[in-house]
Protein chains: 2
Amino acid sequence: MDKAQLFKAITEKKSFLCIGLDTDIKRIPSHLLSEEDPIFAFNKEIIDATSDLCVAYKPNTAFYESMGAKGWESLQKTLEYIPKEIFTIADAKRGDIGNTSTLYARAFFEEMKFDAVTVAPYMGSDSVKPFLGYDDKWVILLALTSNQGNIDFQLLETKSGNRVFEEVLLKSKEWADTNTLMYVVGATNAAYIVRIRQLVPEHFLLVPGVGAQGGDLKAISKEGMNDQCGLLVNASRSIIYASKEKDFAERARDEAAKIQGEMSQLLDEYLP
Amino acid sequence: MDKAQLFKAITEKKSFLCIGLDTDIKRIPSHLLSEEDPIFAFNKEIIDATSDLCVAYKPNTAFYESMGAKGWESLQKTLEYIPKEIFTIADAKRGDIGNTSTLYARAFFEEMKFDAVTVAPYMGSDSVKPFLGYDDKWVILLALTSNQGNIDFQLLETKSGNRVFEEVLLKSKEWADTNTLMYVVGATNAAYIVRIRQLVPEHFLLVPGVGAQGGDLKAISKEGMNDQCGLLVNASRSIIYASKEKDFAERARDEAAKIQGEMSQLLDEYLP
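We now turn to the structure provided with this report. Given the structure is predicted, the values throughout are model-derived calculations rather than measurements. (Residues numbered from 1 in each chain as written. Chains lettered and ligands numbered in written order. Predicted model: local features only at pLDDT ≥ 70, side-chain atom pairs only at ≥ 80, totals over all residues.)

Now for unusual backbone geometry. Here A:Lys14, not a glycine, exhibits a phi torsion of approximately 45°, which is positive. With respect to the helices and strands, the residue A:Lys14 is situated in the loop between helix 1 (3–13) and strand 1 (17–20). (Helix = DSSP H or I, 4+ residues; strand = E, 2+ residues; numbered from the N terminus.)

See the structure below:
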């Protein structure tokens, strides 16, 4: 899926919502625990209830790995169940020496057929480039994350006057075009989005941190939207755990619909 | 396993060798491909042939993930097969928001029972701390890696005059003691080891990049050894792929023995 196709999906659905499938066995409704694969059973109902309201799903691999080999199977089944026209992101935050990143790319793009994978920049260009060698596949590079710890290294000022996350943007945008590379930009740092748009005006940004983490959708849209929307805004826990009862999928749909309704208005207001 | 126990193993075996189990289905001897689990069959023979020569094994998770759920099973079986007195490192380079890092910690320390996991520092303190909440378990934080891309961000000079990897050392050493935290320091940057020992004199360093990546064992030992050795030096491909024939385990043993012999001399020479 390229940038134009993603933008088409956004305008058709009037939504730039990404739903995080951070499915924790300890938090799903108890009636699902008797299912053969409770994690997949939960995801299946969430997908059925929300797939017309979002343009992307983003399973975070930690939740599946914490279940061992069985979790990896639940992830594979979930990915196969997601309708083909919806963008899929492995939130894996991988990154290793080139030889090894090649294997991670093989895992997420060839074995599992995700459209995109999140990658950590610390190890530099040769750790990221193996993920960039696929047609129609995306790297979503961590730039400025939504957690408090972003202050420790991402916000350090370098001798050139740029902060470390700005150096990540400036260097990495030379490694690929805007049909292959996006950035993770935390919504809890809306004040930085103006600066980020100066540095990468054309790139899509994946914005986590709206919802449970407290980011502001309107501010993000006002400062971050470009002429192809250029935003995927993620919500996870506020949607998928809206209820712990049998009505969890219905309530998840209500939450997703609320956000999609806001997004529809924001697209009307801010899309150039 | 704490620092004293690790040092005891090093002095008993006269070795600070860590063997990287970076087992790639495309590189193992062809006669193993008819086994039910070729990856585990390969690892089992390597472990049998080398476990008296090394103090640690380090499977890189990328190689197992690239095989899907089956690969995850091979990893679990490998870990269970490693003798209990040998230190085990999941080379996973994980790191995510706190909520999610907690699940990675659960995966590697509780589900799989590794002694240590490598963690990427980019997301800062709250992404690392969930891994630090276990007795007798270790975080091995990326500081200065062995690949060319280390120049992109790790070696950037900050306004304070420190490079980014030095900031990683200075900040993170406040998060835990030297029985819980080690650092990854690439052997291809031996020149930096003097500086690193100024900043973290007491910590163990995991040094990849000796062997296939070309690091210098003698220089590393001279500059990096402290009074509890303080070094785990990793070799992967040069040992496990020493031969592609039926004698692969025997040849792996020869390679490991060669390095262990050098290490025995270096311990005599440089251990204070």
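What follows continues from the structure just given.
Turning our attention to helix 9 (residues 217–224) of chain A. Along an α-helix, residues three or four positions apart point the same way, because every turn accommodates 3.6 residues. Residue and element names in this part refer to chain A. Turning to helix 9, its buried residues number three or more, namely Leu217, Ile220, Ser221 and Gly224. Projected onto a plane normal to the axis of helix 9, the buried residues spread over an arc of 95° and lie on a single side. In this fold, the buried residues of helix 9 make contact with helix 8 (193–199), strand 7 (205–207), strand 8 (231–235) and helix 11 (248–270). (Buried ≥ 20, exposed ≤ 12 C-beta atoms within 10 Å, placed from the backbone. Arc of directions from axis to C-beta. Contact = placed C-beta atoms within 7 Å.)

Before going further, it helps to examine the interface of chain A and chain B. Residue-level contacts link 48 residues of chain A with 48 residues of chain B. Within the residue set of the side of chain A that touches chain B, elements represented by two or more residues are helix 3 (61–65), helix 4 (69–81), helix 5 (98–111), helix 6 (125–128) and helix 7 (164–172) of chain A. No other element matches helix 5 of chain A, which puts seven residues into the side of chain A that touches chain B. Looking at side-chain class alone, the side of chain A that touches chain B contains 18 nonpolar, 18 polar and twelve charged residues. (Nonpolar A, V, L, I, M, F, W, Y, C, P; charged D, E, K, R; others polar.)

This brings us to the relation of the copies chain A and chain B. Screw-axis analysis of chain A against chain B gives a translation of 0.0 Å along the axis, an RMSD of 0.0 Å, and a rotation angle of 180°. Such a combination of rotation and displacement between the chain copies is what one expects of a two-fold axis. Nearest to the rotation axis, the C-alpha of A:Thr158 is located 1.9 Å from it, this being the minimum over chain A. (Least-squares fit on C-alpha atoms with pLDDT ≥ 70 in both.)

This part takes up the sheet that holds strand 4 (residues 116–119) of chain B. Residues and elements named next belong to chain B. Strand order in the closed barrel made by the eight strands is 1-2-3-4-5-6-7-8, with parallel pairing throughout. Each strand axis lies, on average, 30° off the axis of its neighbour in the sheet, ignoring direction. In this structure, strand 2 (residues 56–58) lies alongside strand 3 (residues 87–94), joined through two bridges in parallel fashion. Looking at strand 3, one finds that Tyr57 is bridged to Thr88. Contacting strand 5 (138–144) and strand 6 (181–185), helix 7 (residues 164–172) crosses the sheet at an angle of about 150° to strand 5. (Pairing = 2+ DSSP bridges. Axes fitted to C-alpha atoms, helices over the stretch in contact; angles between N-to-C directions.)

All names here are of chain A. Here Ala105 shows up in helix 5. Look at Ala105 and you get buried, because 23 C-beta atoms sit within 10 Å. Between the alpha carbons of Ala105 and Lys129 there is a distance of 9.8 Å; along the sequence they are 24 residues apart. Setting aside residues up to four positions removed in sequence, Ala105 forms contacts with Pro130 and Phe131.

This paragraph deals with the packing of helix 4 of chain A against helix 4 (residues 68–81) of chain B. Close contact between helix 4 of chain A and helix 4 of chain B brings their axes to 8 Å; oriented N to C, the two are set at 170°. In terms of orientation, helix 4 of chain A and helix 4 of chain B fall into the roughly antiparallel class. In contact with A:Ala69, A:Trp72, A:Glu73 and A:Gln76 of helix 4 of chain A, helix 4 of chain B contributes B:Gly68, B:Ala69, B:Trp72, B:Glu73 and B:Gln76. Along the lines of polarity and charge, the residues of the contact of helix 4 of chain A with helix 4 of chain B split into four nonpolar, three polar and two charged. (Parallel < 35°, antiparallel > 145°, perpendicular 65-115°, else oblique.)

With that settled, consider the sheet that holds strand 4 (residues 116–119) of chain A. Sheet strands associate in pairs through backbone hydrogen bonding, adopting either a parallel or an antiparallel arrangement. Residue and element names in this part refer to chain A. Pairing is parallel around the closed barrel formed by eight strands, whose spatial order is 1-2-3-4-5-6-7-8. Each neighbouring strand pair of the sheet contributes to a mean axis angle of 30°, computed without reference to strand direction. Here three bridges tie strand 1 to strand 2 (residues 56–58), and the two strands are oriented parallel to one another. Its bridge partner lying in strand 2, Ile19 is registered against Tyr57. Each of strand 5 (138–144) and strand 6 (181–185) is contacted by helix 7, which is oriented at about 150° to strand 5, the strand it contacts most.

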